[in-house]
Each structure stands twice: as C-alpha cells, then as structure tokens.
Amino acid sequence: MYDHILLPTDGSDGIAAAAEHAGNFAQSFDATVHVLSVLDTRNRFESPTSGLSSEAWTEAESERATEAVEDTVAELPDAIAVETVVREGVPRTEILEYVEDEGIDLVVMGTHGRTGLDHYLIGSVAEKVVRRSPVPVTTVRV
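Residues numbered from 1 in each chain as written. Predicted model: local features only at pLDDT ≥ 70, side-chain atom pairs only at ≥ 80, totals over all residues. Heavy atoms only, no water.

**Considering the packing of aromatic side chains**
- In total, this model carries two aromatic pairs according to the counting rule given.
- Here Tyr2 and Phe25 contribute two aromatic rings whose centre-to-centre distance is 6.0 Å and whose plane-to-plane angle is 80°, an arrangement assigned as edge-to-face. Note that Tyr2 is positioned in the segment before β1 (4-8) and Phe25 in helix α1 (residues 15-29), a separation of 23 residues in sequence.
- Seen from their ring centres, Tyr2 and Phe29 are 5.1 Å apart, and the 85° between their planes marks the pair as edge-to-face. Here Tyr2, found in the segment before β1, pairs with Phe29, found in helix α1; they are 27 residues apart in sequence, far enough to count as distant.
- Tyr2 gets classed as buried once you look at its relative accessible area, which sits at 13%.
- Through pairs of rings, three or more aromatic residues link up here, namely Tyr2, Phe25 and Phe29. (Phe/Tyr/Trp six-rings, centres within 6.5 Å; stacked < 30°, edge-to-face > 60°. Helix = DSSP H or I, 4+ residues; strand = E, 2+ residues; numbered from the N terminus. Buried < 20%, exposed > 50% of the residue type's maximum accessible area, 1.4 Å probe, protein only.)

**Points about the sheet that holds strand β3 (residues 81-89)**
- Overall, parallel pairing links the five strands, which are arranged β3-β2-β1-β4-β5 in an open sheet. Looking along the sheet, the strands with just one partner apiece sit at the ends: β3 and β5 (137-141). Sheet twist, expressed as the mean angle between neighbouring strand axes with direction ignored, is 25°.
- Here β1 runs beside strand β4 (residues 106-111); their pairing, made up of two bridges, is parallel. Paired with Leu6 across the strands is Val107, a residue of β4.
- Across the sheet, helix α3 (residues 91-102) is in contact with β1, β2 (32-40), β3 and β4; its angle to β3 comes to roughly 135°.
- Of the strands in this sheet, β4 and β5 touch helix α5 (residues 125-132), which is tilted by about 155° from β4. (Pairing = 2+ DSSP bridges. Axes fitted to C-alpha atoms, helices over the stretch in contact; angles between N-to-C directions. Contact = heavy atoms within 4.5 Å.)

**Thoughts on the nonpolar core**
- If you look at the biggest cluster of nonpolar residues, it comprises 17 residues, and the most contacted ones within it are Ile5, Leu7, Val33, Leu76 and Val108.
- When contributions to this core are tallied by element, the ones reaching two or more residues are β1, α1, β2 and β4.
- Residue contributions to this core peak at five residues, all from α1.
- In this structure, Leu7 is in contact with Ala18, Ala19, Ala22, Val33, His34, Val35, Leu36, Thr72, Leu76 and Val108, ignoring residues within four places of it in sequence.
- Ranked by size, the runner-up nonpolar core spans 13 residues in total, among them Leu36, Val38, Tyr98 and Val107. (Core = buried A, V, L, I, M, F, W, Y, C linked by side-chain atoms within 4.5 Å.)

**Quick look at the environment of Ile80**
- When you line up the elements, Ile80 lands in the loop between α2 (54-74) and β3.
- Residue classification places Ile80 among the buried residues on the basis of a relative accessible area of 12%.
- Between the alpha carbons of Ile80 and Gly23 there is a distance of 7.5 Å; along the sequence they are 57 residues apart.
- Ignoring anything within four residues of it in the chain, the contact list for Ile80 reads Gly23, Ala26, Gln27 and Val33.

**Quick notes on the packing of α3 against α5**
- Closest axis-to-axis distance for the α3/α5 pair is 9 Å, and the angle between their directions is 40°. Handedness of the α3/α5 crossing: right-handed. Residue-level contacts link Pro91, Arg92, Ile95 and Leu96 of α3 to Val125, Lys128, Val129 and Arg132 of α5.
- Looking at the contact of α3 with α5, its residues break down into five nonpolar, no polar and three charged. (Left-handed = near helix turned anticlockwise from the far one by under 90°. Nonpolar A, V, L, I, M, F, W, Y, C, P; charged D, E, K, R; others polar.)

Right, here's the structure in full:
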C-alpha cells in the first residue's frame, strides 16, 4: 500500500513520536522512509548587527538541518530503508514538491498543536500540507 513515506523534520523536540509512526508504517509495508529537512529561506537575512552574512546563515542552517535529519534517522528502526535530504525553500512548498517529485505515498509529520494567536501568527506547516497534499497525511502531536 505504501512504498515511500515522507517524514519531514525541523529538529524540534518530539520528532520521536512522528518517527515511531513512520517506522511502524515502513515496517508494516516494507517501505522506504524519506527524511526531509528544509532550510526556510524566508528567514535568511544579512544584518550588520547580527554579525551573520547570508552565506554564514546558510552554512549554520544547513548544519542544523543536517543534524535534524541525522537525529530523526536515529529514531527510526534499523531494519528499514531510509533516504535523507536537505532542501532550501519554504517548508510547505518543498514538502509538497518532494511528494510529487519522489512519488511519495504517505506523509507522516509532527504537529505542535498550537491554537489561537500562536496558530494565527506562526501558522502551521502541517495544516498547509494536510490541506494541499495529493497523498494521505498522518499527523502526530509532538
């Protein structure tokens, strides 16, 4: 039923819950888990007061994203096939493009469950993916 499962990660606490679900699906269906982290380019900046150039920011965020992927992979069962990727862009857009580009059958992602003003101001990548995804999305509250 599922051959390719996408597990997006931002490295936040609680990704283990989503990884557990993705791992269970992968074991049940002998599927590959694709672990994706996105450098949010909307946050890129160059500011004399920050001391970070755009290049330095990109390097630091790339390291953060790579670490997020590695930490997430460590939460998955050893017996499953895993592919890892780091992309740059807007997270919801990159996730949905990856789904299309790689023939993903299922997305498993964490959600922080924000409500009210936090949800309005911050928005929800998970919600936007759920609304626009051409494949099923399983959300796991982290």
